[in-house]
Amino acid sequence: AKDPRRRRTMESPSSAVYLNVAHAAAYAAFGLLWLHAARLRRRSARALPAMLSDASRALGDSAPPLCVVLPVKGAHAQSAANWRAQCCSHGYAGPVSFLFVVQEEEDEAHSLVKQLQASGSLPTENVSVLVAGLAVGTSQKLHNLIHAVERIGEQSELVLMLDDDMLLAPGAVNLLAHELLSDPNALAASGFSCDAPGRWTVLAHAACVYRLILEISVAGGEGSHAWGGCCLMRRADLLESVPGGVMAHWKNRGYSDDWIITAVARKQRRRIANPPLLFLNLVDFRSPSQLYNFFHRQFFVLDTYPQPSPDEPRIQAHRLRLESYALASLMGLPPPPPSPPA
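Residues numbered from 1 in each chain as written. Predicted model: local features only at pLDDT ≥ 70, side-chain atom pairs only at ≥ 80, totals over all residues. Heavy atoms only, no water.

Our next topic: the overall build of the chain. Across its full length, the chain carries 11 helices and 9 strands. Within the chain, the proportion of its 342 residues that are buried is 44%. Put simply, 79% of the contacts in the chain that link residues at least 6 apart link residues at least 24 apart. Of the roughly 18300 Å² of accessible surface on the chain, a fraction of 58% belongs to carbon and sulfur atoms. (Helix = DSSP H or I, 4+ residues; strand = E, 2+ residues; numbered from the N terminus. Buried < 20%, exposed > 50% of the residue type's maximum accessible area, 1.4 Å probe, protein only. Contact = heavy atoms within 4.5 Å. Areas by Shrake-Rupley, 256 points an atom, 1.4 Å probe, with all protein chains shown as cover.)

As C-alpha cells, then:
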C-alpha cells in the first residue's frame, strides 16, 4: 500500500522550490535593471561633453556667485592635489569662493590649507578656513555644514556642498548650476557616487550591491536623490527662516545631510536634478566589522528623515528601511539544497 504522507508531500510544493524561484526572480530582475542602467550610463557618457558645453554656453556671463563648502577632517597623501584642483580648476563661469570647515584648529587639514595658501598653491582672497567646534545635537559633518552655510555672504546665490576628495570634471559645476537654475521647482542638483569594489572580496561586493539598487534610478536621470558628496542648492533654500526647510531639519538632531534634503524635496513635491555626473568610489572592506558598520550606518540614516506630520502614519517613515532590509536579506540568502529523491 502507498504511504498517504508520501503522496501529500509529493503533491504539495516545497519551500525549496519557492526559495529557488524567489532567488531566480530577484537576481533576474536586478540583473536586467543593472544592464538597463549600464546602457543609460553609456548613452549619458556619450552625450555628456555636449551637455557640459551647452551648460557653460547657457550660463555665459550671467552665472550667479557660488560658494563651495568643503567639510574636512584630517588630511591624506592626495589632499593637497585635490584641494588645488577643486579651487583652481573648477571651470565655473561665475565668481566662486571656498569655505573649508574643520572641527578644531588642531586638525591637520587646517594647517595644510594655511601652508598651501602661504606657498601660493591656494589663493588667499576667496579661500577661507572655518573652525566649527564639536557637534552637540547633530552629526559632526552636518554641524560643520551648518556652521559654514550660516556664514556664507548674501552675495552668494548658490551653495555647492562638496566632499574634499571629490574631483570635478571641467564644466561639471556649470552643468549642476544650469540644471538647478533652469527649473524653479528644483530644490537641488546633485551628482552621485558610483561604488566599485576596491578589492576582489565578498565583503566589498556586498556593500556595492546594496548601493547599486539606488544607482538604477539615478542612472536614468529620474532618481531625484541628493548626495552629500556633490550637491548644489540655492542659498535661499538653506535659510533657517524657510518653514519646514532643510536647515530647520538639519538642526533638529539631524544626522544625514543628503537624505534630509531628499526627504524635504519629497515632502515639498520638489525635484532634485540628477545629471549624469558619477564619482567613482572604491569600496575596500577588509573585515566583517567594517561591513557591519557600513550597513549599521546606512540603516540608521534611513531613520533620520524629518519626522512625519501628524496626519502621516509613522509606518511611512520606516517603509524604505523595511523594503531595503527585505531585499538585502533575499539577495543574501544562499539557494536551498535540492530536495532528496523520494
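Take the pattern of salt bridges next. Close approach of charged atoms allows side chains with opposite charge to pair. With the rule as written, the count across this model stands at 10 salt bridges. Close ionic contact of D54 with R57 constitutes a salt bridge, the shortest N to O distance being 2.4 Å. You can see D54 and its partner R57 sitting in helix α2 (residues 15-59), 3 residues apart, about one turn around the helix. Residues D284 and R286 are paired through a salt bridge, measuring 3.3 Å at the closest nitrogen-oxygen approach. The class for R286 is exposed, based on a relative accessible area of 58%. Connected through shared salt-bridge partners, K141, D163 and D257 make up one network. (Salt bridge = Lys/Arg side-chain N within 4 Å of Asp/Glu carboxyl O.)

What follows concerns the packing of aromatic side chains. For the coordinates displayed, the defined rule picks out 2 aromatic pairs. Considering the side-chain rings of F285 and F294, the 5.6 Å spacing of their centres and the 50° angle between planes classify their relative orientation as tilted. When its relative accessible area of 7% is taken as the criterion, F294 is described as buried. (Phe/Tyr/Trp six-rings, centres within 6.5 Å; stacked < 30°, edge-to-face > 60°.)

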